[in-house]
Amino acid sequence: MTYDIKDINLAPEGEKKIKWVQRHMPVLETIKKEFMETKPFEGITIGSCLHLEPKTINLGLTLQAGGAEVVMTGCNPLSTQDDATAAGAKLGLNMYGWTGETNEEYYEQLNKVLDYEPDIVIDDGADLIFLIHKERPELLEKLRGACEETTTGIHRLKSMFKDGELKIPVMAVNDSYMKYLFDNRYGTGQSTFDSIMGTTNTVIAGQTVVVCGYGWCGRGIAMRGEGLGANVIVTEVDPIRALEAKMDGYRVMPVQNALKEADLVITATGNRDIISGDDFKYIKDGCLLANSGHFNVEINEDDLAKQAIARENIKPDIEAFTMKDGRIVYLLAGGRLVNLAGQYGQGHPAEIMDLSFAMQALSAKRLLTEDMKPGVYKTRDSTDEKIARLKLKTMGVKIDNLTEEQEKYMNSWDVGT
Ligand SMILES: NC(=O)c1ccc[n+]([C@@H]2O[C@H](COP(=O)([O-])OP(=O)(O)OC[C@H]3O[C@@H](n4cnc5c(N)ncnc54)[C@H](O)[C@@H]3O)[C@@H](O)[C@H]2O)c1
Ligand SMILES: O=c1[nH]cnc2c1ncn2[C@@H]1O[C@H](CO)[C@@H](O)[C@H]1O
Ligand SMILES: N[C@@H](CCS)C(=O)O
């Protein structure tokens, strides 16, 4: 095994964290046992670009148990946990990356993963898939396909397919029920506040929290914000989602109006420039800005910096921008995914990543068992059901089964009033 990480001596700490998450990832543990017996990845190299922390290492160990040579790097220069990568390397995974990489170092590590000439790629945000297509197309011949973890990655891959540029099959892991209903909603809802509260040590109750985007992440953030006692305002561009937010009980208004009231703004749109240009003029003194969505472009830091007369680090992951009129605006975690980047960014709870990574593991296996043309593929409902049943079992939850009569009734069309 090879590695280029911060410090291999951090492995004992990382191993304890991995054992901890394993207790909370029972579905992935079941799949790991299945893979140990069936060895679906014998002779196969799997390269991943995912947030590198203990739960992700556990996915790596699951693929390794299935016979794969695994090589991993991070999908964000700030989200890597260095003790986890050290433990991963000790446990036989090839590990690349550290927290606080420069952009250049980030791409160097991605290239090191590609030097292994993977048969399968697991990506988050599609950086690795783009790199192969743009700069290392010779790798496409061996590549059987990829799995994509997040909404933004899938949008980009679908655009690439429409333009005739996508040369491999990609499993849209994000679009499975077991992913977006739980990870994007409950995962982002919880981990966003977990990280913001850890970073700032300030109250949520009684604050006005503005959530930009009412997709699966935005719904989770709004729901948990309300649960913590915040007054939640939602901003949207989609009339259906805006109506849903309104009927869920939130105030809905244009972003510039919302900013006048906001104590905390959280973006989760997958789009750029949600807070940009003139928007900064409307922000209240003392407002916190955080992003849980797309890369670091949802809040336009350059525009903020241009309008500020001074910027200063207050404490880790909190930067204060003083505006000409004396207002101070605080940017958290450099506008990168607040729930993953930075000191308090531990990512989603293990029980949630259990579902997302179970889907990753089974989707990677599917790429080997079927002959798939280039395209973006939805996962099967039967895989969602398998994972849901396993999870319910580990939670001790039993459900009813359809009787034969009920099944017949549900499939019939000729019984009326
Ligand atoms: N932080 C995390 O751990 C995490 C987890 C899952 C997904 N994500 C990322 O979060 C982003 C959102 O994911 P999702 O699954 O909720 O996507 P989604 O497509 O379900 O929702 C995005 C919403 O944002 C809205 N939107 C777009 N432009 C807007 C604008 N200018 N103003 C207001 N609203 C706007 C859209 O109409 C849509 O309703 C993506 O970039 C995704 O990759 C992050
Ligand atoms: O703790 C985590 N470990 C690994 N991946 C995570 C964690 N939390 C969230 N995401 C993943 O990050 C993607 C956005 O980049 C999300 O789609 C989510 O699945
Ligand atoms: N890997 C990307 C995806 C965000 S949606 C990031 O961490 O910024």
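Conventions we followed
- Residues numbered from 1 in each chain as written.
- Chains lettered and ligands numbered in written order.
- Predicted model: local features only at pLDDT ≥ 70, side-chain atom pairs only at ≥ 80, totals over all residues.
- Heavy atoms only, no water.
- UniProt positions renumbered as here; feature names shortened; annotations may be inferred.
- Phe/Tyr/Trp six-rings, centres within 6.5 Å; stacked < 30°, edge-to-face > 60°.
- Helix = DSSP H or I, 4+ residues; strand = E, 2+ residues; numbered from the N terminus.
- Buried < 20%, exposed > 50% of the residue type's maximum accessible area, 1.4 Å probe, protein only.
- Lys NZ or Arg CZ within 6 Å of the ring centre and 35° of its normal.
- Salt bridge = Lys/Arg side-chain N within 4 Å of Asp/Glu carboxyl O.

The name recorded for the protein chain in an unreviewed UniProt entry is S-inosyl-L-homocysteine hydrolase, from Methanosphaera cuniculi. We quote the UniProt Pathway (unreviewed entry) comment for the protein chain here in full: "Amino-acid biosynthesis; S-adenosyl-L-methionine biosynthesis." For the record of the protein chain, the UniProt heading Function (unreviewed entry) holds the text "Catalyzes the hydrolysis of S-inosyl-L-homocysteine (SIH) to L-homocysteine (Hcy) and inosine. Likely functions in a S-adenosyl-L-methionine (SAM) recycling pathway from S-adenosyl-L-homocysteine (SAH) produced from SAM-dependent methylation reactions. Can also catalyze the reverse reaction in vitro, i.e. the synthesis of SIH from Hcy and inosine."

Visitor: I'd love a proper account of the packing of aromatic side chains, names of residues and values included.
Guide: The tally for this structure, following the rule as stated, stands at 7 aromatic pairs. Where Tyr180 meets Trp216, the ring centres are 5.0 Å apart and the plane angle is 45 degrees; that geometry is what we call tilted. With Tyr180 in helix H8 (residues 177-200) and Trp216 in helix H9 (residues 216-227), this pair connects stretches of sequence that are 36 residues apart. Taking the relative accessible area as the measure of exposure, Trp216 reaches 26% and is therefore partly exposed. An aromatic cluster of at least three residues, connected via ring pairs, comprises Tyr177, Tyr180 and Trp216. Over the face of the ring belonging to Trp216 we find Arg219, whose NZ or CZ atom lies 4.1 Å from the ring centre. In this structure, Lys378 is placed above the aromatic ring of Tyr177, and the distance from its NZ or CZ to the ring centre is 5.2 Å.

Visitor: Before we move on, could you go through the pattern of salt bridges and cite the residues and values that matter?
Guide: Enumeration over the complete set of coordinates arrives at 22 salt bridges. Its salt-bridge partner being Arg136, residue Glu138 comes within 3.9 Å of it at the nearest N-O pair. On the basis of relative accessible area, Glu138 is assigned to the exposed category, the value being 52%. The residue Glu319 makes a salt bridge to Arg311 at a minimum N-O spacing of 2.8 Å. Put simply, Asp115, Arg136 and Glu138 are held in one network by salt bridges that share partners.

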